[in-house]
Amino acid sequence: MTLRFVTTRLATLVVTVLVSSLAIYGAMFLTPGDPATLLVGGSRQPDPRVLAAIHRAYHLDDPFLQGYWHWLSGCLHGDFGTSLVYRDTVADLITARAGATLALVGYAAVLVLTLGTAIGTLAALRGGRTETLATTLTAGAMAVPTFVMSVLLIWLFAVQLPWFPVYGAGEGLTGTLAHLTLPAVALAMTWVGYVAQVTRTAVRAELRAEHVDTARSRGVPERIVIRRHVLHNASGPIFAVSGVGIAGLIATAAVAEQAFGTGGLGALMIEAASKQDMAVVQGVSLLFVVVFVVINTLVDLVSAALDPRTAQKGAR
């Protein structure tokens, strides 16, 4: 992994965050009328004095770039503004909801990594009907949207088989695991399919590689061949798609949170959007973008460390 590759990826991260933040801030000015009405709730007509106060607080009378820089610099210092709907700072709202989203995404990420790699590896090693069945099931999982999977899981495991609760985030370790199991499964299934498919392909390719045949011809035990020569060399693409999948979980967590009422950041953003609370929408959106881009950058760097050819291609 070259210094040029690392520098390029970090520069891309910074540029992506800046462009995204500019789009997030500018979206408020794309709607007709006074942007201050969105911050106080566009469905009602506020007092002119309230609008004037909002203009001063959010620097809406400043030139666009000056107002944008004031908002962005505040975000960099942890000040995302104040919600006029929830009567609280956006930072406090995010802090109160972040734990639920982190627990849900973490649970789903574990499912993606364990189930995806296990199914893909088993399919590649066993072949035959096992591979056909695994390929069919994972392809089906990839085709089902998260909200459809949520409905199916609620119907099966809450209505027909009342095994799991379907609302709230739960309390304590046992309660949290019970409440988050169905939303985590619904959130993870699509990416389990992707990881399983990539794992199967990568392991299949390594099984046909010349170095594997050489190791077998030298009498190396099969379990060592699989572990050191097959799985180790297949780890690059598997890690890459797993990292992208975990970043994708953050982007789609709002769907599962709304379906199961876990009350995370995604649900907060949807609620704020419905109430036209733009300060909250902007703060949560910026946080999601930053986390998504940072994870993708880390995936690129680790993938390049696992497979130096990736860095050579990316630096060209």
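Residues numbered from 1 in each chain as written. Predicted model: local features only at pLDDT ≥ 70, side-chain atom pairs only at ≥ 80, totals over all residues. Heavy atoms only, no water.

Break down the overall build of the protein chain for me, with residues and values.
For the protein chain, the count of helices and strands is 13 helices and 2 strands. Principal-axis analysis of the C-alpha atoms places the extent of the protein chain at approximately 85 × 55 × 35 Å. Across the 316 residues that make up the protein chain, the buried fraction comes to 42%. Taking the intrachain contacts of the protein chain between residues at least 6 apart in sequence as the baseline, contacts between residues at least 24 apart amount to 72%. Carbon and sulfur atoms make up 66% of the accessible area of the protein chain, which amounts to about 16,500 Å² in all. (Helix = DSSP H or I, 4+ residues; strand = E, 2+ residues; numbered from the N terminus. Buried < 20%, exposed > 50% of the residue type's maximum accessible area, 1.4 Å probe, protein only. Contact = heavy atoms within 4.5 Å. Areas by Shrake-Rupley, 256 points an atom, 1.4 Å probe, with all protein chains shown as cover.)

For the pattern of salt bridges, give the residues involved together with the corresponding values.
Pairing is possible between side chains that carry opposite charge, provided their charged atoms lie close to one another. One pass over the structure, following the stated rule, counts 5 salt bridges. For Glu131, the salt bridge goes to Arg204, with nearest N and O atoms at 2.7 Å. Separated by 73 residues along the polypeptide, Glu131 in helix H6 (residues 128–143) and Arg204 in helix H8 (residues 172–207) bring together distant segments of the chain. Judged by relative accessible area, which is 26%, Arg204 ranks as partly exposed. Measuring nitrogen to oxygen at the nearest pair gives 2.7 Å for the salt bridge that ties Glu222 to Arg216. Residue Arg216 is classed as partly exposed on the basis of its relative accessible area of 32%. Connected through salt bridges with shared partners, the residues Glu131, Arg200 and Arg204 form a single ionic network. (Salt bridge = Lys/Arg side-chain N within 4 Å of Asp/Glu carboxyl O.)

With reference to specific residues and values, describe a nonpolar patch on the surface.
Together, Trp155, Leu156, Val159, Leu161 and Trp163 line one region of the surface with nonpolar side chains, adding up to about 520 Å² of accessible area. By secondary structure assignment, the location of Leu161 is in the loop between helix H7 (146–160) and H8. (Patch = residues over 30% accessible without salt bridge, like charges linked within 9 Å, V, L, I, M, F, W, Y side chains within 5 Å.)

Can you explain the nonpolar core? Please cite residues and give values.
One finds Trp71, Val112, Leu187, Leu249, Val280 and Val284 to be the most contacted residues of the largest nonpolar core, which totals 47 residues. Counting only elements with at least two residues in this core, the list comes to helix H1 (3–26), helix H3 (48–57), helix H4 (64–76), helix H5 (90–126), H8, helix H10 (222–260), helix H11 (265–274) and helix H12 (278–306). Contacts of Leu249, omitting those with residues within four sequence positions, involve Val105, Ala108, Ala109, Val112, Leu187, Ala188 and Trp191. Ranked by size, the runner-up nonpolar core spans 12 residues in total, among them Ala124, Val203, Val212 and Ala215. (Core = buried A, V, L, I, M, F, W, Y, C linked by side-chain atoms within 4.5 Å.)

Provide a residue-level description of H1, including the pertinent values.
Here H1 is 24 residues long and its end C-alpha atoms lie 34 Å apart, about the 34 Å a rise of 1.5 Å per residue gives. Within H1, the full set of buried residues consists of Phe5, Arg9, Leu13, Val17, Ser21, Ile24, Tyr25 and Gly26. (Expected span 1.5 Å × (residues − 1).)

Give me the packing of aromatic side chains: which residues, what numbers.
Applying the stated criterion across every chain yields a total of 7 aromatic pairs. Geometrically, the ring pair formed by Trp191 and Tyr194 is tilted, given 5.1 Å between the ring centres and 40 degrees between the ring planes. Taken together, the positions of Trp191 and Tyr194, both in helix H8 and 3 residues apart, correspond to about one turn of that helix. Judged by relative accessible area, which is 34%, Tyr194 ranks as partly exposed. Among the aromatic residues, those joined into a ring-pair cluster are Tyr25, Phe64, Tyr68 and Trp71. (Phe/Tyr/Trp six-rings, centres within 6.5 Å; stacked < 30°, edge-to-face > 60°.)

Can you break down the confidence of the model for the protein chain residue by residue, with the values?
When pLDDT is averaged along the protein chain, the result is 83; 91% of the residues meet or exceed 70. Ranking the elements of the protein chain by mean pLDDT puts helix H13 (residues 308–314) last, at 56, and H5 first, at 90. (pLDDT = per-residue confidence, 0-100.)

Explain the environment of Arg227 to me, and be specific about the residues and the numbers.
Structurally, the position occupied by Arg227 is in helix H10. Arg227 sits in the partly exposed class, given a relative accessible area of 47%. Counting along the chain gives 212 residues from Arg227 to Val15, while the straight-line C-alpha distance between them is 39 Å.

Go over the packing of H7 against H8, please, and point to the residues and values.
In contact at an axis separation of 9 Å, H7 and H8 are set at 145 degrees when each is read in the N-to-C sense. The two elements H7 and H8 cross, and the hand of that crossing is right-handed. Contacts between H7 and H8 involve Thr146, Met149, Ser150, Leu153 and Phe157 from the first element and Leu182, Val185, Ala186, Leu187 and Met189 from the second. Residue composition of the contact of H7 with H8, grouped by class: 8 nonpolar, 2 polar and no charged. (Axes fitted to C-alpha atoms, helices over the stretch in contact; angles between N-to-C directions. Left-handed = near helix turned anticlockwise from the far one by under 90°. Nonpolar A, V, L, I, M, F, W, Y, C, P; charged D, E, K, R; others polar.)

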